[in-house]
Amino acid sequence: MRGQTATDRRAFLRLGGLLAAGTAAGCRATRSTEPVRGRVATEAESEEVWKEGAGDPYELGDLPAPGVCTLPGPNRKTRFPDPDKYKGTQQVPGMCQLCSTVCGIIGHVKDGRIIKVDGNPKDPNSRGRLCARGQAALNHQYHPERLLYPLRRVGARGEGKWRRISWEEAYTELAERLRACRDSDPTQFAFHQGRSRSKDPVSSFLNAFGTKTQLNHRGLCSAARRAANLTYLFESDWDLGNYENAKYILNFGSNMFEAHQGHVSGAQRIQNGRFGNGAKFVTFDVRMSNTAGNSDEFFMPAPGTDGAVALAMAHTILKEDLVDREFFDEWANCSLEDLVEELKDYTPEWAEQVSTVPAGDIARIAREFAAAAPQATTMCNRGSSAHVNGYYNDRAIGLLNVLVGSVGKVGGWCWMWTGGYDAKRFPPPSQPPSTKAKSLLADPPEFVLANTWNTMRVGEIVYWYLAQERAKIQVYMSYNLDSPLTWPEMDVTRNVLLDEEKIGFHVCINPFFNETASFADMVLPWTTYMERWECDARGAYNLKPYLGVRWPMTAPLGEAKDIREILPELARRIGGGMEAYFPEELDNRRYMEEWTRNVPYDEDKYDSAMEFLSTEGAFEDPDEEPYFEPYLKPLSDEEMAGAEVDDETGIITRDGKGIGILHRGKPVVGFKTPSRKLEVYSEFVQRTARNEDTSDLTRIANSKGKNRASHHRGHEYEIHPWPMYLPIEEHQELDEDQLIMTSFKWNVHNHGRTANLKWCSEIVHSNPAWIHPDTAERFGLRSGDWIEVRGYRSRFVDRMMPGLELGSGEIPSKLELPVVVTRGVHPRAIAISNSLGHFEYTAVARAERKSRSGSEVAGMDSQGLRDADWERNMWWQDTSTGPGSWKRNRGNGWAQNQILPISPDYISGQQAFNSTVVRIRKLS
């Protein structure tokens, strides 16, 4: 561990245990009475491995990897950390990409090598903070098993036989295959991305090619939450609570302190709001996450019942006349009387029966939330939304902000009109026109709102569609994707990826030989985020757009190339007009110069916008006002010229399109919805579900929203236009041996791309199942006992979408793993984390001391890159032969997705990660 003493190392591991297990500080409703065990080494275990080989210098490769000290044990450095280590380094700004938060970073570069990565204090979103994943950047950059050269399979697909090829060979074969596909059916070229921040070259290439088959993982991530927000706002799918100025933060199922999409940026603002502004932080979650454990109050609702709790709070606010009547009357698109009638049965007592949360606490928190308004905001995420009823849960939660009048207010529930930077002010260089092609895989007809406002797609059914032969792919390009591990029903994914009738040719682009690569025909080495050019930004918690940048901190290792180089070269070789959009003279530097040309800079300090950004790393306009109460923005005389005002509704239109609404007699923008108000009652969603024409509504909204495509006909539903609670059908009558499985992420991992980082994997590499003591007693279980877990497909999903032919039976696969008995999970639930259980993706991810010697190593540089620290000090390799000989906290964990069913919500396409009914059996 970078030359620490044994004492230093033990301290680091203890810190890791606290980070992994969380604390129960401030947990009032439930608190664990025993530690969550099974992840951190004992001091004796660490000491035993640490002494092994002490005093012997590490063997290094030709290119010494930063992060490996050559003098371990008794010969450790006497000055640690070395005060001279960072003297004379070049500091290069960039943006992390080890999770979706994309924090600003600074790379310390010496002699062409990155020796440290820190947070960039000039990034307006992350403000110099960086999580454990970002700190482990060197593990990613200089990993001995990093893929550096192209590979081509030589045996059967999936057999594991490879040979190294040149880029010329790779380009020639790919261009020929893509040209043939374009000539026959362009839509049979599928580009499947995992976490992509290079949207402009990808969309340019696909539009020039003529395909809409661009697939993603949005359905597995946040589709329901986004659809619920869009129902209210139309303008934005992402809420950004103004936590720093809040007095009350009401959290439903968001693990902001560990794994939220806005993790580092949001977490620090919550803590600033709490300790700098006196905000109270209350969390509802089925599991005691770090966020829950560090809240002022924490309650455990039964899985999927968050919406019931929220509606009961709304009922209390209405019944006790705690509503901000002025705001509601002016900005809600329904009457208070109609809403009272709609919610009359959702009492706290009813919610207690449904959720197990005490009625008195539900009512009390509702009163406290209303009293703190308008400096009060909700927040939610997969804990509430990753259910088959997730859309309704998040609709109910969002309603609370409308009732107390905190929408768009300082300290309230806010949003931005852009998901990151201002693309109108800083547009990328010219792009090809959007193709008119259709794609069944990208727009499956069963899902009402998946592509109605934004293009969210439904990633979890892609392989199922291919298995059913509803679609076919000639050329499949996977990019930064690990679907064989992270997609539900791993066997379905595996079988389709192996079938050359369903996927004709598969090229995988990744920095590592991961699970996806093992099922490919060609693997291309992708640069890391420390070797790339890019403009980027994330949801801006300052409520002002900003522009961040990635610059190459160092030259790419080996022959790794970025997608910004690969796709233009392919376009030029494919020809047929594609080459016109990718001129050779527009290299990455010139492309970035054009992209950033409008960025203001101090001409006395910098020669260009590029120089300014390469020094600062980000730009945020100091003169731009935060996006508070945008609905009150006045319409100018110029905007009102030729406009018409509806006498009944006050809606203002020009040329038949909505531009605003009268507010207290004055023209303002209002909300960019069909009513120009907050859509508590959504006629648009109701009519969209019925496949009716909604163009009259979207003309008034004049922002987002469209009719469903013609191939959606035959897939009509009735969606309730009001916020409501939808019970999960299969949860109502569980057998004695059934529980509801919930999923979660650790603070040192993301879904599938961080188990290769040795500093993170040392902290968390094992993921036993969490079970409540009452549940454990019922099954006769103690911590360390092993269980068999089998998952079931959703009866509700099968009933709503019988055409998918998913059924509701047991999944063929099973999972065998140990349990941890803890009060940190609801008695009806079993919690198993994702991110672990890799069968590829480096020896680190597999928890093996020695790298494999298969033919895939032809794509690596095992002589140039070496990490003897890992080979010597990795103490958690599992050498057991089964449950009876397994030692606690050993091995690489278990892949939860083996037993997780394909379970999309028919409204948004959200994968119901947290709704799975499982059957438990104790293993002898």
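Keep in mind that this is a model prediction, so the values were computed, not measured.

Asker: How should the overall build of the protein be read in this particular structure?
Answerer: Regarding its fold elements, the protein presents 32 helices and 27 strands. Relative to the compact-globule value of 29 Å for 924 residues, the protein shows a C-alpha radius of gyration of 27 Å, a close match. Seen along its three principal axes, the alpha-carbon backbone of the protein occupies a region of about 85 × 70 × 60 Å. Within the protein, the fraction of its 924 residues that count as buried is 64%. Across the protein, every contact between residues at least 6 apart in sequence was considered, and the portion connecting residues at least 24 apart equals 76%. Of the accessible surface of the protein, which amounts to about 32,600 Å², a share of 46% is contributed by carbon and sulfur atoms. For the protein, the centre of its 111 positive side-chain charges and the centre of its 126 negative side-chain charges are spaced 4 Å apart.

Asker: What's the story with the confidence of the model for the protein in this structure? I'm lost.
Answerer: Detailed conclusions should not be drawn from predicted coordinates in areas where pLDDT is low. In this model, the protein carries an average pLDDT of 92, and 92% of its residues clear a pLDDT of 70 or more. Taken as a whole, residues 1–43 scores under 50 in pLDDT and shows 113 contacts with residues more than four places along the chain or in a different chain. Low pLDDT (under 50) marks residues 71–75, which in the prediction has 12 contacts with non-local residues, meaning those over four places away or in another chain.

Asker: What exactly am I supposed to notice about a positive patch on the surface here?
Answerer: Together, Lys212, Lys436, Lys438 and Lys706 give the surface a local cluster of positive charge. Within the secondary structure, Lys438 is located in the loop between helix 17 (390–404) and helix 18 (462–467).

Asker: Teacher, can you tell me more about the environment of Val819 here?
Answerer: Here Val819 shows up in strand 25 (residues 815–821). According to the relative accessible area criterion, Val819 is buried, its value standing at 2%. The spatial distance from the C-alpha of Val819 to the C-alpha of Glu733 is 24 Å, given a sequence separation of 86 residues.

Asker: Sorry if this is basic, but what is going on with the pairing of strand 24 (residues 786–792) here?
Answerer: Look at any regular strand and the pattern is simple: side chains alternate between the two faces of the sheet. Counting buried residues along strand 24, six of its seven residues qualify, which places the element largely inside the surrounding structure. Where strand 24 meets strand 25, four bridges bridge the pair, whose relative direction is antiparallel. By the bridge assignment for strand 25, Val789 is matched with Leu815. Alignment of strand 24 against strand 27 (residues 916–922), held across six bridges, turns out to be antiparallel. Across the sheet, the residue bridging to Ile787 is Lys922, located in strand 27.

Asker: How do you make sense of the state of the cysteines when you look at a structure like this?
Answerer: One way to say it: the disulfide is the covalent bond shared by the sulfur atoms of two cysteines. Per the stated rule, a full pass over the model turns up zero disulfides. With no disulfide of its own, Cys414 has Cys380 as its nearest cysteine by sulfur position, at a separation of 14 Å. Among the cysteines around Cys760, which has no disulfide bond, Cys131 carries the closest sulfur, lying 7.4 Å off. On the basis of relative accessibility, which here comes to 1%, the residue Cys760 falls in the buried class.

Asker: Teacher, can you tell me more about unusual backbone geometry here?
Answerer: Peptide bonds are mostly trans, and most non-glycine residues show a negative phi. The omega torsion of the bond from Ala373 to Pro374 falls at 10 degrees, within 30 degrees of zero and hence cis. Even without a glycine there, the phi angle at Asp111 is positive, about 55 degrees. Structurally, Asp111 can be placed in the loop between strand 2 (104–110) and strand 3 (113–119). In this structure, Asp655 takes a positive phi of about 55 degrees despite not being glycine. A relative accessible area of 75% means that Asp655 is categorised as exposed.

Asker: Looking at this model, I keep getting lost on the environment of Met95. Mind explaining?
Answerer: Take Met95: it is sitting in strand 1 (residues 90–95). Overall, the relative accessible area of 0% leaves Met95 in the buried class. It is 34 Å that separates the C-alpha atoms of Met95 and Gly577, two residues lying 482 residues apart in sequence. For Met95, the contacting residues outside a window of four places in its chain are Val102, Cys103, Gly104, Ile105, Asp123, Tyr529, Asp536, Ala537, Tyr546, Gly548, Val549 and Arg550.

Asker: When you look at the pattern of salt bridges in this model, what are you seeing that I'm missing?
Answerer: Side-chain pairs of opposite charge can arise where the charged atoms are in close proximity. In the structure shown here, the tally under the stated rule is 63 salt bridges. Ionic pairing is found between Glu159 and Lys161, a salt bridge with its closest N-O pair at 3.1 Å. Since its relative accessible area comes to 43%, Glu159 is described here as partly exposed. Between Arg367 and Glu320 there is a salt bridge, and its shortest N-O distance comes to 2.8 Å. Taken together, the residues Arg367 in helix 15 (residues 359–372) and Glu320 in the loop between helix 11 (306–319) and helix 12 (325–331) connect sequence positions 47 residues apart. One connected set of salt bridges, linked through shared partners, spans Arg197, Asp200, Arg532, Glu534, Asp536, Arg550, Asp562 and Arg564.

Asker: Help me understand the packing of aromatic side chains in this model?
Answerer: For any pair of aromatic rings, the description consists of the separation of the ring centres together with the inter-plane angle of the planes. Throughout the structure, instances matching the rule amount to 45 aromatic pairs. Each ring, one from Trp167 and one from Tyr171, has its centre 5.2 Å from the other, and the planes form 40 degrees; the classification is tilted. Pair noted here: Trp167 and Tyr171 are both in helix 5 (residues 167–184), with a separation of four residues, about one helical turn. Overall, Trp167 belongs to the buried group, its relative accessible area being 8%. A residue is classified by how much of its surface remains accessible, and Tyr171, at 7% relative accessible area, is buried. Pairing Trp786 with Trp886 gives two aromatic rings, centres 5.6 Å apart and planes at 80 degrees, and the pair type is edge-to-face.

Asker: What's the story with the packing of helix 6 (residues 199–209) against helix 22 (residues 563–574) in this structure? I'm lost.
Answerer: Working note: a packed helix pair is described by the angle between its axes plus the distance between those axes. Contact geometry for helix 6 and helix 22: axes closest at 9 Å, N-to-C directions at 15 degrees. Our classification of the angle between helix 6 and helix 22 gives roughly parallel. In this structure, the crossing between helix 6 and helix 22 has a hand that is left-handed. Of the residues in helix 22, those touching helix 6 at Asp200, Pro201, Val202, Phe205 and Phe209 are Ile563, Arg564, Leu567, Leu570, Ala571 and Ile574.

Asker: Explain the packing of helix 8 (residues 223–233) against helix 17 to me, please; I cannot follow it from the model alone.
Answerer: Two elements in contact, helix 8 and helix 17, have axes separated by 8 Å at closest approach and are oriented at 45 degrees. The angle between the axes of helix 8 and helix 17 places the two elements in the oblique class. Judged by the twist between their axes, the crossing of helix 8 over helix 17 is right-handed. Here Ala224, Arg225, Ala227, Ala228, Thr231 and Tyr232 of helix 8 lie close against helix 17, whose contacting residues are Gly390, Tyr391, Asp394, Arg395, Gly398, Leu399 and Val402. Here the residues of the contact of helix 8 with helix 17 are counted per class, giving seven nonpolar, three polar and three charged.

Thresholds, definitions, all that
- Residues numbered from 1 in each chain as written.
- Predicted model: local features only at pLDDT ≥ 70, side-chain atom pairs only at ≥ 80, totals over all residues.
- Heavy atoms only, no water.
- Helix = DSSP H or I, 4+ residues; strand = E, 2+ residues; numbered from the N terminus.
- Rg over C-alpha atoms; globule rule 2.2 N^0.38 Å.
- Buried < 20%, exposed > 50% of the residue type's maximum accessible area, 1.4 Å probe, protein only.
- Contact = heavy atoms within 4.5 Å.
- Areas by Shrake-Rupley, 256 points an atom, 1.4 Å probe, with all protein chains shown as cover.
- Lys, Arg positive; Asp, Glu negative; His and termini not counted.
- Charge placed at Lys NZ, Arg CZ, Asp CG, Glu CD.
- pLDDT = per-residue confidence, 0-100.
- Patch = residues over 30% accessible without salt bridge, like charges linked within 9 Å, V, L, I, M, F, W, Y side chains within 5 Å.
- Salt bridge = Lys/Arg side-chain N within 4 Å of Asp/Glu carboxyl O.
- Pairing = 2+ DSSP bridges.
- Disulfide = S-S within 2.5 Å.
- Phe/Tyr/Trp six-rings, centres within 6.5 Å; stacked < 30°, edge-to-face > 60°.
- Axes fitted to C-alpha atoms, helices over the stretch in contact; angles between N-to-C directions.
- Parallel < 35°, antiparallel > 145°, perpendicular 65-115°, else oblique.
- Left-handed = near helix turned anticlockwise from the far one by under 90°.
- Nonpolar A, V, L, I, M, F, W, Y, C, P; charged D, E, K, R; others polar.

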